[in-house]
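Each chain is listed here by its residues.
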Amino acid sequence: MSVGDTYSTLAQIGNPTPEAPPLSDKLMQFVRYATWFALLSGIMSIIYAGGRFAWEKWSGGALQSPKMVAGAMIGGVVATSAGTIMNAVVGS
């Protein structure tokens, strides 16, 4: 076998076509479900904290709920930032 035969053999190998890794569709489905869960839990926590804030204000009790509202809003910012970063990494 000469050097010319080796080069002609290598030239016949085609470029592989890219394809998604195994189970990537299931992983993306899980990410979408996790995103919806994070959004839903954030909305529910803000609604609960707002209702509790109104109840504490109306009944004249100690105000603990502003901390809950602030925590829910910070959690929402973190979840939104994580979603934005993941979209940039995944490229969708």
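To start, this report covers the structure provided alongside it.

The rules we used
Residues numbered from 1 in each chain as written. Predicted model: local features only at pLDDT ≥ 70, side-chain atom pairs only at ≥ 80, totals over all residues. Heavy atoms only, no water. Helix = DSSP H or I, 4+ residues; strand = E, 2+ residues; numbered from the N terminus. Patch = residues over 30% accessible without salt bridge, like charges linked within 9 Å, V, L, I, M, F, W, Y side chains within 5 Å. Areas by Shrake-Rupley, 256 points an atom, 1.4 Å probe, with all protein chains shown as cover. Salt bridge = Lys/Arg side-chain N within 4 Å of Asp/Glu carboxyl O. Phe/Tyr/Trp six-rings, centres within 6.5 Å; stacked < 30°, edge-to-face > 60°. Buried < 20%, exposed > 50% of the residue type's maximum accessible area, 1.4 Å probe, protein only.

Points about unusual backbone geometry
Thinking step 1. Backbone geometry places Leu-23, a non-glycine residue, at a positive phi of 65°.
Thinking step 2. Topologically, Leu-23 is positioned in the loop between α1 (3–11) and α2 (24–59).

Things to note about a nonpolar patch on the surface
Thinking step 1. A cluster of nonpolar side chains, contributed by Leu-40, Ile-43, Met-44 and Ile-47, occupies part of the molecular surface with about 410 Å² of accessible area.
Thinking step 2. You can see Leu-40 is positioned in helix α2.

Section: the packing of aromatic side chains
Thinking step 1. Applying the stated criterion across every chain, the model contains 1 aromatic pair.
Thinking step 2. Summarising the aromatic geometry, the rings of Trp-55 and Trp-58 are spaced 5.2 Å apart at their centres and angled 45° between planes, so their arrangement reads as tilted. On the criterion of helical spacing, the pair formed by Trp-55 and Trp-58 is a turn pair, its members being 3 residues apart in helix α2.
Thinking step 3. Since its relative accessible area comes to 54%, Trp-55 is described here as exposed.
Thinking step 4. Owing to a relative accessible area of 69%, Trp-58 belongs among the exposed residues under this scheme.

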